[in-house]
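Notes for the structure review
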Amino acid sequence: MNIAIDVSPLKSGHFLQHRVRGTGFYLENLRSSLEKYYPNNEYIYFTRGEKVSLGVDLVHYPYFEPFFLTLPFNNENKFVVTVHDLTPLVFPNNFPAGLRGKIKWKIQKARLRKAKRIITDSMSSKKDIVKYVGIPEDKVTVVYLAAGEEFRRLETGNLPAGEAGWKSEIKKRYGLPERFVLYVGDVTWNKNLPSLIRAVKIAGVPLVMVGKAISQAEFDKTNPWNQDLLKVQELIKDDGDIFVLGFVEQGELVALYNMATVFAMPSLYEGFGLPILEAMGCGCPVVTSKMGSIPEIAGEAAYYVDAYNISDIALGLERVFNDAKLQKKLSEKGTAQSKKFSWKKTAEDTVGVYEEAVLRQGSI
């Protein structure tokens, strides 16, 4: 097959380019996995505005935003779309669209319904797509993501020469404590960061926060979508037990997962929850919630808390943080759980969708 794939978010200046840990991660791993495991296909990569040949078998738009015009007006080729989640539509009060956003959603929905197939990250997101787009379930295929292969346990004995001091180097660089809770991700409402911060204060444990948005100084403080960022920055002000690292390189992130005593992500909703798998792959015990797709991803390998109850989050963090036996149990279960997901499987399922879309007649 000849497959054209839109890689616009990897282009500098694109409105989604800042989503390094989300859309960019997916695109980079999808591209490399398809080329590695299905080299007999021809892959053509293009960015928005570039003309796609009518000779291709299929076009894949591997990103979608309900309130931005991410799909083309006219597309004469068969196409599939990846919709990671529709969280803003599930919680409209927390992600207000505005008049322009509502108009764009109508346009986006009409275009999305013309796709041959829709790919999504979880059963939870599939249910949302069926509900809010209004299409049959059999038109939407769940293709689970996976952590990158680099997210693994780092043992001093098997590290290349020169890397044996990685722990002390990272601690020194960021001034980190010996033991800490780690958070990796964005600061949107569904991430529930204000509650996490209040919970670690109650539990009396240090918190290390990784994510570009967390350290952002210049942003629209009037935008409703940024209100949690305002709350977070106020809550962490002058707190010596909270360490804001902002964006870190992939190698440092792997090291931080390995160093952390607990990884915490008590989200109010997730379309997938990739950092959970990354933490598990590195052997880090996970404290999370049962909201959205998370139980699909974490299975029985995480310690679950009530995302709407700060006291329960604090109790969960405190228990795991101070119980070495529980840490070991969660670490072992998490490592096994993370191995259930792979980019080889993601590529296999994605190519399966391509084949069905090429053969399928008509549109949704």
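Residues numbered from 1 in each chain as written. Predicted model: local features only at pLDDT ≥ 70, side-chain atom pairs only at ≥ 80, totals over all residues. Heavy atoms only, no water.

1. Quick look at the sheet that holds strand β5 (residues 117-120)
Note the cut-off: Two strands pair if DSSP finds at least two bridges between them. Strands are runs of DSSP state E lasting at least two residues, helices are runs of H or I lasting at least four, and both sets are numbered from the N terminus onward. Inter-axis angles, ranging from 0 to 180 degrees, are taken between N-to-C directions of lines fitted to C-alpha atoms, where helices are fitted over the stretch in contact. Here, two residues are considered to be in contact whenever any of their heavy atoms come within 4.5 Å of each other.
Judged by pairing direction, the sheet is parallel, and its six strands sit side by side in the order β2-β1-β3-β4-β5-β6 without closing on themselves. Here the strands that pair on one side only, and so sit at the sheet edges, are β2 (42-46) and β6 (140-142). Shown here is a sheet whose adjacent strand axes are inclined to one another by a mean of 25°, direction ignored. Judged from the three bridges that link them, strand β4 (residues 79-82) and β5 form a sheet pairing that is parallel. Looking at β5, one finds that V81 is bridged to I118. Against the sheet, helix α4 (residues 123-133) touches β5 and β6, its axis set at about 170° to β6.

2. So, the pairing of strand β9 (residues 242-246)
Selection rule: The rule is simple: take the accessible area with a 1.4 Å probe, protein chains only, and divide by the maximum for that residue type; under 20% is buried, over 50% is exposed, in between is partly exposed.
With four of five residues buried, β9 lies mostly within the body of the structure. Two elements, strand β8 (residues 207-210) and β9, share four bridges in a ladder whose sense is parallel. Of the residues in β9, the one forming a bridge with L207 is I242.

3. Some words on helix α9 (residues 274-281)
The element α9 is largely enclosed, with a buried count of eight among its eight residues. When we look at burial in α9, the residues that qualify are L274, P275, I276, L277, E278, A279, M280 and G281. Within two residues after α9, G283 carries a phi angle of roughly 80°, on the positive side.

4. As for the sheet that holds β9
Taking strand neighbours across the sheet as the criterion, the six strands line up as β9-β8-β7-β10-β11-β12 in an open arrangement whose pairing is parallel. On the outer flanks of this sheet lie β9 and β12 (303-304), each paired with one strand and no other. Bridge count for strand β11 (residues 286-288) against β12 is two bridges, and the pairing is parallel. In the sheet register, V287 faces β12, and the bridge partner there is Y303.

5. Thoughts on the pattern of salt bridges
Going by this rule: What makes a salt bridge here is a side-chain nitrogen of Lys or Arg within 4 Å of a carboxyl oxygen of Asp or Glu, nothing more.
Applying the stated criterion across every chain yields a total of eleven salt bridges. Across the pair E356 and R117 runs a salt bridge whose closest N-O atoms are separated by 3.1 Å. With a gap of 239 residues between them, E356 in helix α13 (residues 343-359) and R117 in strand β5 connect regions that are remote in the sequence. Given a relative accessible area of 5%, R117 falls into the buried group.

6. With respect to the side chain of T188
To be explicit about the condition: Two N or O atoms form a polar contact when they lie within 3.5 Å of each other; inside protein one atom must be a possible hydrogen donor and the other a possible acceptor, and for residues adjacent in sequence the pair counts only when both atoms belong to side chains.
Along the chain, the position of T188 falls in the loop between β7 (181-184) and α6 (193-203). In this structure the side chain of T188 is engaged in a polar contact, spanning 2.8 Å, whose partner is the side chain of N190. Contact partners of T188, with chain neighbours within four places excluded, come to F95 and D228.

7. Description of the packing of aromatic side chains
Put simply, the test is: To pair, rings of Phe, Tyr and Trp, with the six-membered ring standing in for Trp, must have centres within 6.5 Å; the planes then decide the type, stacked if under 30 degrees apart, edge-to-face if over 60, and tilted in the middle. Charge-over-ring placement is defined geometrically: NZ (Lys) or CZ (Arg) within 6 Å of the ring centre, and within 35 degrees of the ring normal.
Considering all chains together, one arrives at 15 aromatic pairs under this definition. Judged by centre distance (6.2 Å) and plane angle (90°), the rings of F46 and Y61 are edge-to-face. Note that F46 is positioned in strand β2 and Y61 in strand β3 (residues 58-61), a separation of 15 residues in sequence. Residue Y61 is classed as buried on the basis of its relative accessible area, which comes to 6%. Among the aromatic residues, those joined into a ring-pair cluster are F67, F91, F95, W189, W225 and Y269. For R31, the ring lying beneath its charged end belongs to Y45, and the centroid distance is 5.2 Å. The ring centre of F219 lies 4.5 Å from the NZ or CZ of K221, which sits over that ring.

8. A word on helix α3 (residues 98-112)
What sets the pattern is the α-helix's 3.6 residues per turn: residues three or four places apart point alike. Under the convention used in this document: The span one expects for a helix is its residue count, reduced by one, times 1.5 Å. To obtain the arc, one takes the directions from the helix axis to the C-beta atoms.
A rise of 1.5 Å per residue sets the reference length of α3, with its 15 residues, at 21 Å; its end C-alpha atoms lie 20 Å apart and thus fit the reference within 8%. Residues of α3 that are buried: G101, W105, Q108, R111 and L112. One side of α3 carries all its buried residues, which in axial view fall inside an arc of 125°. Set apart from the buried face of α3 by more than 90 degrees, the exposed residues are L99, K102 and K106. Taken together, the buried residues of α3 touch β4, α2 (87-90), β5 and α4.

9. Considering the packing of α6 against helix α7 (residues 227-235)
Using the following cut-off: Here the word oblique covers every angle except those under 35 degrees (roughly parallel), over 145 (roughly antiparallel) and from 65 to 115 (roughly perpendicular). Two helices crossing with the near one rotated counterclockwise from the far one by less than a right angle form a left-handed crossing, whereas a clockwise rotation gives a right-handed crossing. Classification used: nonpolar for Ala, Val, Leu, Ile, Met, Phe, Trp, Tyr, Cys and Pro, charged for Asp, Glu, Lys and Arg, polar for all others including Gly.
As a packed pair, α6 and α7 sit with axes 9 Å apart at the nearest point and diverge in direction by 20°. One finds that α6 runs roughly parallel with respect to α7. The hand of the α6/α7 crossing is left-handed. Taken together, the residues of α7 that come into contact with α6 (itself represented by L193, P194, I197, R198 and K201) are D228, K231, V232 and L235. Residue composition of the contact of α6 with α7, grouped by class: five nonpolar, no polar and four charged.

10. Some thoughts on the nonpolar core
The condition is simple: Throughout, nonpolar core names a set of buried Ala, Val, Leu, Ile, Met, Phe, Trp, Tyr and Cys residues whose side chains join them through atoms within 4.5 Å.
Counting residues in hydrophobic clusters, the biggest one holds 90 residues, and the most contacted among them are L182, F263 and L317. In contact with F263, not counting residues within four places along its chain, are L182, Y183, V184, Y257, P275, I276, A279, C284, P285, V286 and V287.

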